[in-house]
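Each chain, letter by letter, is given below.
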Amino acid sequence: MTDSVTITRPDDWHLHLRDGDALTTVVPHTAAQFGRAVIMPNLKPPITTVRQAQDYARRIRAARPEGSAFEPLMTLYLTDNLDPQEIRRAKDTHGSGGDGQVVAVKLYPAGATTNSAAGITDMHKTYKVLEVMQREGLLLLVHGEVTSPTIDLFDREAVFIDSQLIPLRRDFPELKIVLEHITTTQAAQYIRDAGPLMAATITAHHLLYNRNAIFAGGIRPHYYCLPVLKRETHRLALVQAATSDNPRFFLGTDSAPHPAHLKEHATGCAGCYTAFAALEMYAEVFDAANALDQLEAFASFNGADFYGLPRNQGGVTLRRESWLAPRSFAFGDAELTPLRAGETLAWKIQ
Ligand code: DOR
Ligand code: ZN
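All values reported here derive from a predicted model rather than from experimental measurement.

Quick look at the packing of helix α5 (residues 156-171) against helix α6 (residues 185-193)
Then step 1. With their axes 9 Å apart at the nearest point, α5 and α6 run at an angle of 20° to one another. Relative to α6, the element α5 is oriented roughly parallel. In the crossing of α5 with α6, the sense of the turn from one axis to the other is right-handed. Contact residues: Glu157, Ala158, Ile161, Leu165, Ile166 and Arg169 in α5; Gln186, Ala187 and Tyr190 in α6.
Then step 2. Residue classes in the contact of α5 with α6 are distributed as 6 nonpolar, 1 polar and 2 charged.

If you want it as structure tokens, here you go:
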């Protein structure tokens, strides 16, 4: 039995940090584990210009602990009328180091999830922007769920792939696309078949839990996220994908903090907070699958390679050691209940 694993410092390729006072809690958690993180732009109002993204990057940097070299990688929120000029400005930030590189654009179908009201109503409205992205080499990050109320919640990812993603892929064969936080057998299979310019991130919570977790002994809002947890066969397919040696699957926590009182609510918010122990949770999954030797590729290499960024220097060591997850963290004026609150974690970062 392996009791210790050392990997190159990993990156989180999908992260929500929010803004304001919340940053002082969540930025140090991520900065303690990861070298870089791709920061989601679904603030209120959303980040739609390079200037906003770089201002936000400065606020994130200011919340890092002393001496931290953590770097936020910024994204723009795609709307029906994003100015293609912003894509050229984003490209100009590449290699700039200091000021917040804008590496990707995030597509939310309007109404699909938290703060997605300004998202896309019709894929064709984005085509001018996507053409420039394809030319300039900016990545498209996709929340892959249809929003039609007539489509069952648990089918929304699979239907999105067939009805939206496959046509998009066909119309933009040279665009680098990441299907974010995949949750289904269909998504894992689609990525495997899709060729070198298509990748996917996988969260720790979708690897650890199936949908029973949301209803075990009563409704459990801290397990509610979007795309929602699926049945066990899908979880097993995700574990298989993450622990396979396919370089187009990589780590993206989708850690998404909300005030506890807004999750424990009649219409509770979607999002699981995992950043405080993300790597430990992934290690637990890889250990259970007897695949700790695949953790480094998934967490530290595949994402950087797909984004065309250098791999990190330095490393982190995880040891098999039981510890109790905190019950809550301060979160501005509110409290933040993490996933696994008060429960045992099996691995610990040194
Ligand atoms: O569960 C989620 N929470 N899924 C998303 O797509 C957004 C995120 C959030 O921002 O809270
Ligand atoms: Zn997300």
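Comments concerning the site of ligand 1
Then step 1. Taken together, 14 residues surround ligand 1, and among them Arg18, Asn42, Thr113, Leu226 and His258 come closest.
Then step 2. Contact between ligand 1 and threonine 114: an oxygen atom at 3.2 Å from a side-chain N or O atom of the residue.
Then step 3. Taken by itself ligand 1 offers 290 Å² of open surface, and the protein chains cover 100% of this.
Then step 4. Here the residues of the shell around ligand 1 are counted per class, giving 4 nonpolar, 8 polar and 2 charged.

A word on the sheet that holds strand β9 (residues 249-251)
Then step 1. Ordered in space as β2-β3-β4-β5-β6-β7-β8-β9, the 8 strands form an open sheet in which the pairing is parallel. With partners counted over all chains shown, the strands left at the sheet margins are β2 (12-15) and β9, one partner each. Neighbour-to-neighbour, the strand axes of the sheet open up by a mean angle of 30°, direction not taken into account.
Then step 2. Pairing of strand β6 (residues 139-142) with strand β7 (residues 177-179) involves 3 bridges; the strand directions are parallel. Looking at the pairing, valine 142 lines up with leucine 179 of β7.

Notes on the packing of aromatic side chains
Then step 1. In this structure the tally under the stated criterion is 13 aromatic pairs.
Then step 2. When the centroid spacing of 6.3 Å and the interplanar angle of 75° are considered together, the rings of tryptophan 13 and phenylalanine 250 count as edge-to-face. Of the two residues, tryptophan 13 sits in strand β2 while phenylalanine 250 sits in strand β9, which places them 237 residues apart along the sequence. For the pair tryptophan 13 and phenylalanine 250, one class covers both residues: buried.
Then step 3. Measuring from ring centre to ring centre gives 5.3 Å for tyrosine 77 and tyrosine 108, while their planes differ by 35°; the resulting arrangement is tilted. Placement of tyrosine 77 in strand β4 (residues 71-77) and of tyrosine 108 in the loop between β5 (102-107) and α4 (127-136) is noted, with a sequence separation of 31 residues between them.
Then step 4. Classification of tyrosine 77 as buried rests on a relative accessible area of 0%.
Then step 5. With relative accessibility at 1%, the residue tyrosine 108 sits in the buried group.
Then step 6. Within the aromatic cluster, the residues linked to one another by ring pairs are Trp13, Phe250, Phe306 and Tyr307.
Then step 7. The side chain of lysine 176 reaches across the aromatic face of phenylalanine 306, ending 5.4 Å from its centre.
Then step 8. The ring of phenylalanine 154 is capped by arginine 211, whose NZ or CZ atom sits 4.6 Å from the centre of that ring.

A closer look at the coordination of the zinc ion (ligand 2)
Reference values for angles at a metal are 109.5 degrees in the four-donor tetrahedral case and 90 or 180 degrees in the six-donor octahedral case.
Then step 1. Donor atoms from the polypeptide that bind the zinc ion (ligand 2) are His14 (NE2), His16 (NE2) and Asp254 (OD), placed at 2.0 to 2.1 Å.
Then step 2. In the primary sequence, the donor residues of the zinc ion (ligand 2) line up as H-x1-H-x237-D. Placement of histidine 14 in strand β2 and of aspartate 254 in the loop between β9 and α9 (260-263) is noted, with a sequence separation of 240 residues between them.
Then step 3. Overall, the relative accessible area of 7% leaves aspartate 254 in the buried class.

What counts, and at which threshold
- Residues numbered from 1 in each chain as written.
- Chains lettered and ligands numbered in written order.
- Predicted model: local features only at pLDDT ≥ 70, side-chain atom pairs only at ≥ 80, totals over all residues.
- Heavy atoms only, no water.
- Axes fitted to C-alpha atoms, helices over the stretch in contact; angles between N-to-C directions.
- Helix = DSSP H or I, 4+ residues; strand = E, 2+ residues; numbered from the N terminus.
- Parallel < 35°, antiparallel > 145°, perpendicular 65-115°, else oblique.
- Left-handed = near helix turned anticlockwise from the far one by under 90°.
- Contact = heavy atoms within 4.5 Å.
- Nonpolar A, V, L, I, M, F, W, Y, C, P; charged D, E, K, R; others polar.
- Near = heavy atom within 4 Å.
- Polar contact = N/O pair within 3.5 Å; in protein donor to acceptor, adjacent residues only side chain to side chain.
- Areas by Shrake-Rupley, 256 points an atom, 1.4 Å probe, with all protein chains shown as cover.
- Pairing = 2+ DSSP bridges.
- Phe/Tyr/Trp six-rings, centres within 6.5 Å; stacked < 30°, edge-to-face > 60°.
- Buried < 20%, exposed > 50% of the residue type's maximum accessible area, 1.4 Å probe, protein only.
- Lys NZ or Arg CZ within 6 Å of the ring centre and 35° of its normal.
- Donors = N, O, S within 2.8 Å, 3.2 Å for Na, K, Ca; no water.

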